[in-house]
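Survey of secondary and tertiary structure
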Amino acid sequence: AVVSTQSTGYYITNNLRMYRSLTLLLVLTAFVAAKDVWILVIDELNAGRTGPPYDDKILVGNVPADAVLFDVMKEAENNGDLSFGYTMHSKWGAYITSINGLEADSSQKQYWQILGGSNMTPTPLGASSYVPSDGEKVLFRLVTWD
């Protein structure tokens, strides 16, 4: 078989273009597939508010777009911006028990309520399952239950 150098050059050029296009696509995908999430904290028991002042306001940047809230919290902890305690339930996931050293006292019917979304309402899922959107503010508020 005779191979033409002209057709081989064409083949190499097209493969190089395709490789460059795929590389650019991967870089853009990695850049776009990240999000920033705000973690807000109100320590005052039963504050009843969702607005400032906040005891803590933490921007966790460049986390994967599919990261659940627990992953965002772990990233903030790794950055030295947040500390938290939790117990892990086999069916329900992480139950947040403390934030920055402030423990929710279950004997006093206290827990860390998680609020989010554009209306800052209780999240429908816990920290292990809730996926905050890019730019979302998620509030942890110490409250009691009846």
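Residues numbered from 1 in each chain as written. Predicted model: local features only at pLDDT ≥ 70, side-chain atom pairs only at ≥ 80, totals over all residues. Heavy atoms only, no water.

Looking at the overall build of the protein chain
Along its length, the protein chain carries two helices and eight strands. Helices and strands in the protein chain line up, N terminus first, as α-β-β-α-β-β-β-β-β-β. Here the protein chain holds 146 residues, and 32% of them are scored as buried. Partitioning the intrachain contacts of the protein chain with sequence separation of at least 6 by distance along the chain shows that 56% fall at a separation of at least 24. (Helix = DSSP H or I, 4+ residues; strand = E, 2+ residues; numbered from the N terminus. Buried < 20%, exposed > 50% of the residue type's maximum accessible area, 1.4 Å probe, protein only. Contact = heavy atoms within 4.5 Å.)

Side note on unusual backbone geometry
For residues besides glycine, phi is generally negative; the peptide bonds are generally trans as well. Looking along the chain, the bond that leaves Pro 52 and enters Pro 53 is cis, with omega of 10°. By the element assignment, Pro 53 lies in the loop between β1 (34-42) and β2 (56-64). Although it is not a glycine, Asn 46 adopts a positive phi angle of roughly 55°. Note that Asn 46 resides in the loop between β1 and β2. With a relative accessible area of 41%, Asn 46 lands in the partly exposed category. In this structure, Lys 109 takes a positive phi of about 60° despite not being glycine. Within the element layout of this structure, Lys 109 appears in the loop between β5 (102-103) and β6 (110-116). The exposure class of Lys 109 is partly exposed, given its relative accessible area of 39%.

Considering the nonpolar core
If you look at the biggest cluster of nonpolar residues, it comprises 26 residues, and the most contacted ones within it are Ile 39, Met 73, Leu 82, Ile 96, Ile 99, Trp 112 and Phe 140. When contributions to this core are tallied by element, the ones reaching two or more residues are β1, β2, α2 (69-78), β4 (93-99), β6 and β8 (137-144). The leading source of residues in this core is α2, at five residues. With near-sequence residues (within four places) excluded, Met 73 lies in contact with Ile 39, Leu 82, Phe 84, Ile 96, Ala 127 and Phe 140. (Core = buried A, V, L, I, M, F, W, Y, C linked by side-chain atoms within 4.5 Å.)

Some thoughts on the sheet that holds β1
Taken in spatial order, the five strands line up as β2-β1-β8-β6-β7 in an open sheet, and their pairing is mixed. Unpaired on one side and paired on the other, β2 and β7 (121-122) mark the two borders of the sheet. As judged from the six bridges shared by β6 and β8, these two strands associate in the antiparallel manner. Across the sheet, Trp 112 pairs through a bridge with Leu 142, a residue of β8. Contacts from α2 reach β1, β2, β6 and β8 within the one sheet, and its direction differs from that of β2 by about 110°. (Pairing = 2+ DSSP bridges. Axes fitted to C-alpha atoms, helices over the stretch in contact; angles between N-to-C directions.)

Thoughts on the packing of aromatic side chains
Here a ring pair, both rings aromatic, is described through the centre-centre distance and the interplanar angle of the planes. Counted by the stated rule, this structure contains four aromatic pairs. Ring centres 4.9 Å apart and planes at 85° place the aromatic pair Phe 70 and Tyr 86 in the edge-to-face group. Separated by 16 residues along the polypeptide, Phe 70 in helix α2 and Tyr 86 in strand β3 (residues 84-89) bring together distant segments of the chain. For Phe 70, a relative accessible area of 11% gives the class buried. Seen in terms of ring centroids, Phe 84 and Tyr 86 are 5.8 Å apart; in terms of plane orientation they differ by 35°. Their pairing is tilted. According to the relative accessible area criterion, Tyr 86 is partly exposed, its value standing at 33%. Here Lys 57 stacks its cationic end above the ring of Trp 38, 5.2 Å away from the centre of that ring. (Phe/Tyr/Trp six-rings, centres within 6.5 Å; stacked < 30°, edge-to-face > 60°. Lys NZ or Arg CZ within 6 Å of the ring centre and 35° of its normal.)

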